[in-house]
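Here are the chains, one letter per residue:
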Amino acid sequence: MAIEDIKGTFKPELIPKETGGDLDDYEDALHVLMKFMGSMSSALEQVSGRGANAIVYQAGKRMGHESAKMMDKTEDLEKALDEMGEVLGHEFYFEKWKPADQNSYVTQNENEVTVKLLFMDCVVRQTLRRTGLPQKGPLCYLLYGYTVGAVEEVMDIKGKIDIDHVGPNACLKTLTIKWSGK
Amino acid sequence: MVEIVIDEDACVGCGSCVEDCPNDVYEMDEAKNKTKVVKVEDCMACLSCHEICPAQAMEHQDIHVAKRLYIDRRVNHVLERII
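What counts, and at which threshold
- Residues numbered from 1 in each chain as written.
- Chains lettered and ligands numbered in written order.
- Predicted model: local features only at pLDDT ≥ 70, side-chain atom pairs only at ≥ 80, totals over all residues.
- Heavy atoms only, no water.
- Helix = DSSP H or I, 4+ residues; strand = E, 2+ residues; numbered from the N terminus.
- Contact = heavy atoms within 4.5 Å.
- Areas by Shrake-Rupley, 256 points an atom, 1.4 Å probe, with all protein chains shown as cover.
- Lys, Arg positive; Asp, Glu negative; His and termini not counted.
- Charge placed at Lys NZ, Arg CZ, Asp CG, Glu CD.
- Core = buried A, V, L, I, M, F, W, Y, C linked by side-chain atoms within 4.5 Å.
- Buried < 20%, exposed > 50% of the residue type's maximum accessible area, 1.4 Å probe, protein only.
- Buried area = accessible area lost by both parts, 1.4 Å probe.
- Salt bridge = Lys/Arg side-chain N within 4 Å of Asp/Glu carboxyl O.
- Pairing = 2+ DSSP bridges.
- 1 Å grid on protein atoms, 1.4 Å probe; cavity = no way out; pocket = protein on both sides within 12 Å on 5 of 7 lines; lining within 4 Å.
- Points joined across faces, edges and corners; volume = space filled by probe spheres on them.
- Nonpolar A, V, L, I, M, F, W, Y, C, P; charged D, E, K, R; others polar.

*Asks:* What is the right way to read the overall build of chain A from this model?
*Replies:* A count of helical and extended segments in chain A gives 5 helices and 5 strands. For chain A, the succession of helices and strands along the chain, N to C, is α-α-α-β-β-β-α-α-β-β. Expressed along its principal axes, the backbone C-alpha trace of chain A runs to roughly 65 × 40 × 35 Å. If you take every contact in chain A between residues at least 6 apart in sequence, the share linking residues at least 24 apart comes to 66%. Summed over all atoms, the accessible surface of chain A reaches about 10,700 Å², with 55% contributed by carbon and sulfur. Taking the 22 positively charged and 29 negatively charged side chains of chain A as two groups, their mean positions are separated by 6 Å.

Here it is, written out as structure tokens:
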């Protein structure tokens, strides 16, 4: 397909009002970025080995802390998860999940609380599928870091996320909050 | 509530879904040598079973279907014309 050169007049005041593209351009841009992200993640893993996950997790965590700075602080896990949902947005739509025979979403063990989160929509998963890469790699750790960073910022407490299962339509993760650590 | 329909004519009884499901939603029906759904209430609609099933013998109803923005819409338009 030939690339069309579109001529027009540029005025500085148009910058916030006009994007200069349509849905097809957005799609193209998204897919190019997906491919770039996929290649970067794959190369990072090749060069740094398992250390890649730690680096990317840290980057995501910093991003999560930054994004959640404006959110209300709370010690209520339910409220924190709602706020985390706002930070992550529609592209990382998640819900709490529990097996049918478990009474509560939240389980308390000594000084820590765990809750299972089912991530249904996920741009990371879509990027991996676009580039043919396996799940649980560095890009997934970017999202884990992002999630943990957001929760830590909102609750002012230490947290971590573990992967229970990854699938093509949803991924199950366990969020652990440690009450003792800040 | 999720509902899983198994196409018994298509199921080859390989048991891949039984092994792959993290929540033990499926079991093998030894008499029929087919998969059967035993704990649908624990299905989280991850669809790993769909991916692993060589016969595409199952259908999940009333689930959140994740966005698939990785699919090129132009490819879809071409496919729509063919199918």
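*Asks:* How should the nonpolar core be read in this particular structure?
*Replies:* The tendency in soluble globular proteins is for nonpolar side chains to be buried side by side. All names here are of chain A. Counting residues in hydrophobic clusters, the biggest one holds 34 residues, and the most contacted among them are Met84, Leu88, Leu117, Val124, Leu143, Met155 and Leu175. Looking at this core, the element that brings in the most residues is helix H5 (residues 138–155), giving 11 residues. Residue contacts for Leu143: discarding those within four places in its chain leaves Leu88, Phe92, Phe119, Cys122, Val124 and Lys173.

*Asks:* Help me understand the interface of chain A and chain B, please; the structure alone is not making it clear to me.
*Replies:* Often the size quoted for an interface is simply the accessible area lost on bringing the parts together. Taken residue by residue, the interface counts 28 residues in chain A and 24 residues in chain B. At the boundary of chain A with chain B, total buried surface from both sides reaches about 2,200 Å², with 50% on carbon and sulfur atoms. By the criterion of area lost to chain B, the three top residues of chain A are Gln126, His165 and Asn169 of chain A, representing 25% of everything that side buries. Along the contact surface separating chain A from chain B lie 5 salt bridges. The closest approach of N and O atoms between Glu27 of chain A and Arg73 of chain B, which form a salt bridge, is 3.2 Å. For the side of chain A that touches chain B, the leading source of residues is helix H1 (residues 23–48) of chain A, giving 7 residues.

*Asks:* Looking at this model, I keep getting lost on the pairing of strand E2 (residues 106–109) of chain A. Mind explaining?
*Replies:* Each regular strand shows side chains that alternate between the opposite faces of the sheet. All names here are of chain A. Note that E2 and strand E3 (residues 112–119) share 4 bridges and pair antiparallel. Of the residues in E3, the one forming a bridge with Asn109 is Glu112. Counting the residues between successive antiparallel strands, the hairpin from E2 to E3 contains 2 residues, one of them, Glu110, with a positive phi of roughly 45°.

*Asks:* Any chance you could explain the layout of surface pockets here in plain terms?
*Replies:* Empty space left among the atoms is revealed by rolling a probe the size of a water molecule over them. A volume near 340 Å³ is recorded for the largest pocket. Along the walls of the largest pocket sit 19 residues, with Trp97 and Leu118 of chain A together with Val2, Cys43 and Met44 of chain B positioned nearest its centre. Among the elements that take part in the lining of the largest pocket, strand E1 (residues 94–97) of chain A stands out by supplying 3 residues, more than any other. Residue composition of the lining of the largest pocket, by class: 13 nonpolar, 1 polar and 5 charged.

*Asks:* Explanation requested: unusual backbone geometry in the structure shown.
*Replies:* In terms of backbone geometry, most residues other than glycine have negative phi values and most peptide bonds are trans. For Asp156 of chain A, which is not glycine, the phi dihedral falls at a positive 55°. Structurally, Asp156 of chain A is set in the loop between H5 and strand E4 (158–166). By relative accessible area, which is 46% here, Asp156 of chain A ends up partly exposed. Unusually for a residue other than glycine, Leu47 of chain B sits at a positive phi of about 65°. Inspection of the secondary structure puts Leu47 of chain B in the loop between strand E3 (34–37) and helix H2 (48–52). The class of Leu47 of chain B is buried, set by a relative accessible area of 15%.

*Asks:* Sorry if this is basic, but what is going on with the environment of Ser16 of chain B here?
*Replies:* All names here are of chain B. When you line up the elements, Ser16 lands in helix H1 (residues 16–20). For Ser16, a relative accessible area of 21% gives the class partly exposed. Considered as a pair, Ser16 and His50 are 34 residues apart in the sequence and their alpha carbons are 10.0 Å apart.

These figures come from the coordinates and say nothing about function on their own.
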